[in-house]
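Okay, here's what each chain looks like letter by letter:
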Amino acid sequence: MKNNNVNVLHILSFLIIILSVVATATGLFYTTGGAPFDIINQYGDSVKMYGDGIYAHDSFFRVPIFKGTDLTILVVGVPMLAAATLLDLKKKTVKRRILLASVIALFLYYASNIAFGVAYNSLHLVYIALFSSSLFALIIAMSGMDYSELEKSITNVLPYKGIYAFLAVTGIALFIAWLPDIISALLAGRALAMIEVYTTEPTYVLDMGIISPLAFSCLFLPRKREGLGYMLLSILLIICMVMGIMLPVQTVFQVAAGIAIPLPVLITKIGIFVVLAVFAAYFEIRFMRILQQR
């Protein structure tokens, strides 16, 4: 990685940290003293709105999810990115660079969700800046990586059979979690059951349009022992790890708000991803351990 690119990458990383702290802390702690209220959405359905804080114009059902995401990013994501950035500043190695790129990818996933999924509010420019910083930081990190050096850094054999099984299950699980919602809406000729005041569901787009195809792509790229395949694998594992923490936190916020979560939902949309996160953490640790400090 060229020195000028490294400097830009580190500047963007610190900018991502600052913007994320502003976005998450405001989402968690800012209040306007408002109260929930009901409206009729564009589909003629009554929707309960949150009415308070930066998420005042978001639905009462979605805000606990947003706050659970904010807490996870603030407590888990930000320290991870700060540590990865400082490690890369201290000593530039393949292992530290791939870790930094993987954590930045997590923030791009987060920024995409809030930039496209949260109702317009006074932090809109912060969301845009966070999305832009994360996107270009990831591009710089991935384009500046010496993939031949990464391939040489693999000094031992990964548990490929276990990784391939994990990737296949992850790719399928994302469709199992979200596709039935879309199919049932299409068959009934109506909008998504929980569309509420929104026009689309960014999580469906990101998970089924990017993360799931990424999982299936990683079934083939690492087989060729190509550096890009290892980079994408690490990105996927880091995102899955943090999602396994984020989903239970979101659920706690929803339960605290008095929202009932059906048992089938807990199993299919939370339990499965928590189990996958455990395996993701195991494989990421194994992967990092076999990388030489090159």
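Notes on the structure in this doc start here. Sequence positions are assigned chain by chain, starting from 1 and proceeding in written order. Reporting of local features is limited, given that this is a predicted model, to residues whose pLDDT is at least 70; pairs of side-chain atoms are given and counted only at 80 or more, and all residues count toward the totals for whole chains, interfaces and linings. Computation of side-chain values: all heavy atoms of the structure, hydrogens and water removed.

## Here's the deal with the overall build of the protein
Keep this limit in mind: Per the convention used, a helix needs a DSSP run of H or I reaching at least four residues, while a strand needs a run of E reaching at least two, with both numbered from the N terminus. Here the globule rule is a power law, 2.2 Å times the number of residues to the power 0.38, and the radius of gyration is based on C-alpha atoms. Here the term buried applies to any residue with accessible area under 20% of the maximum for its type, exposed to any over 50%, and partly exposed to those in between, with areas from a 1.4 Å probe on protein chains only.
Scanning the protein for helices and strands turns up 9 helices and 2 strands. Secondary structure elements in the protein, listed N-terminal to C-terminal, are α-β-β-α-α-α-α-α-α-α-α. Its C-alpha atoms give the protein a radius of gyration of 20 Å, near enough to 19 Å, the size a compact globule of 294 residues would have. Oriented by its inertia axes, the alpha-carbon framework of the protein measures out at about 60 × 40 × 30 Å. A buried classification covers 52% of the 294 residues belonging to the protein.

## With respect to the pattern of salt bridges
We count it as follows: What makes a salt bridge here is a side-chain nitrogen of Lys or Arg within 4 Å of a carboxyl oxygen of Asp or Glu, nothing more.
Taken as a whole and assessed by the stated rule, the structure comprises 1 salt bridge. Among the salt bridges present, the one from Glu-201 reaches Arg-62, with a minimum N-O distance of 2.9 Å. With Glu-201 in the loop between helix H6 (160-188) and helix H7 (202-217) and Arg-62 in helix H2 (residues 62-90), the pair connects residues that are 139 residues apart, well separated along the chain.

## What about the nonpolar core?
This is how the line gets drawn: Buried residues of nine kinds, namely Ala, Val, Leu, Ile, Met, Phe, Trp, Tyr and Cys, make up a nonpolar core once their side-chain atoms join them within 4.5 Å. Here, two residues are considered to be in contact whenever any of their heavy atoms come within 4.5 Å of each other.
Leu-167 and Ile-235 are the most contacted members of the largest nonpolar core, which totals 93 residues. The leading source of residues in this core is helix H3 (residues 94-117), at 15 residues. Contacts of Ile-235, omitting those with residues within four sequence positions, involve Ala-101, Ser-102, Ala-105, Leu-138, Met-142 and Leu-214.

## What to know about the packing of H3 against helix H4 (residues 124-143)
Selection criterion: Axis definition: a line fit to C-alpha positions, over the contact stretch in the case of helices; interaxial angles, taken between N-to-C directions, run 0 to 180 degrees. Angle categories are assigned with fixed cut-offs, so that under 35 degrees is roughly parallel, over 145 is roughly antiparallel, 65 to 115 is roughly perpendicular, and the rest are oblique. Each helix crossing is assigned a hand: it is left-handed if the near helix lies turned anticlockwise from the far helix by less than a right angle, otherwise right-handed if that turn is clockwise. All residues other than Ala, Val, Leu, Ile, Met, Phe, Trp, Tyr, Cys, Pro, Asp, Glu, Lys and Arg, Gly among them, are scored as polar; the first ten of these are nonpolar and the last four charged.
It is at 8 Å that the axes of H3 and H4 come closest, and there the two elements cross at 150 degrees. Taken together, the axes of H3 and H4 lie roughly antiparallel to each other. As for the relative orientation of H3 and H4, their crossing is left-handed in sense. Touching Ala-101, Ile-104, Ala-105, Phe-107, Leu-108, Tyr-110, Ala-111, Ser-112, Ile-114, Ala-115 and Phe-116 of H3 are His-124, Tyr-127, Leu-130, Phe-131, Ser-134, Leu-135, Ala-137, Leu-138 and Ala-141, all from H4. The class makeup of the residues in the contact of H3 with H4 is 17 nonpolar, 3 polar and no charged.

## Details of the side chain of Ser-212
Relative to the helices and strands, Ser-212 is located in helix H7. Assessed through its relative accessible area of 0%, Ser-212 is described here as buried. Those residues in contact with Ser-212, other than ones at most four positions away along the chain, are Gly-171, Leu-174, Phe-175 and Asp-207.

## Observations concerning the packing of helix H8 (residues 227-256) against helix H9 (residues 263-290)
H9 packs onto H8 with a crossing angle of 140 degrees between their chain directions and a minimal axis gap of 7 Å. Of the possible angle classes, the one that applies to H8 and H9 is oblique. With respect to the hand of their crossing, H8 and H9 are arranged in left-handed fashion. For the pair formed by H8 and H9, the contact residues are Tyr-230, Ser-234, Leu-237, Ile-238, Cys-240, Met-241, Gly-244, Leu-247, Pro-248 and Thr-251 on the first element and Leu-266, Lys-269, Ile-270, Phe-273, Val-274, Ala-277, Ala-280, Ala-281, Phe-283, Glu-284, Phe-287 and Met-288 on the second. Each residue belonging to the contact of H8 with H9 can be placed in one class, and the counts come to 17 nonpolar, 3 polar and 2 charged.

## A few points about the environment of Cys-240
Structurally, Cys-240 can be placed in helix H8. The exposure class assigned to Cys-240 is buried, which follows from its relative accessible area of 10%. On a C-alpha basis, the gap between Cys-240 and Ala-277 in space is 5.3 Å, while along the polypeptide they are 37 residues apart. Residues contacting Cys-240, with those up to four places away along its chain left out, are Phe-166, Thr-170, Ala-277 and Ala-280.

## Brief notes about a nonpolar patch on the surface
What counts here: Only residues whose relative accessible area exceeds 30% and that take part in no salt bridge are eligible for patches, with like-charged residues grouped when within 9 Å of each other and nonpolar side chains (Val, Leu, Ile, Met, Phe, Trp, Tyr) grouped when within 5 Å. All accessible areas in this document rest on Shrake-Rupley with a 1.4 Å probe, and a residue is counted as covered only by the protein chains that are shown.
A surface patch of nonpolar side chains, about 750 Å² in accessible area, is lined by Ile-172, Phe-175, Ile-176, Leu-179, Ile-183, Leu-186, Leu-187 and Phe-216. Per-element tally for the nonpolar patch: the top contributor is H6, with 7 residues. Structurally, Phe-175 can be placed in helix H6. Phe-175 gets classed as partly exposed once you look at its relative accessible area, which sits at 31%.

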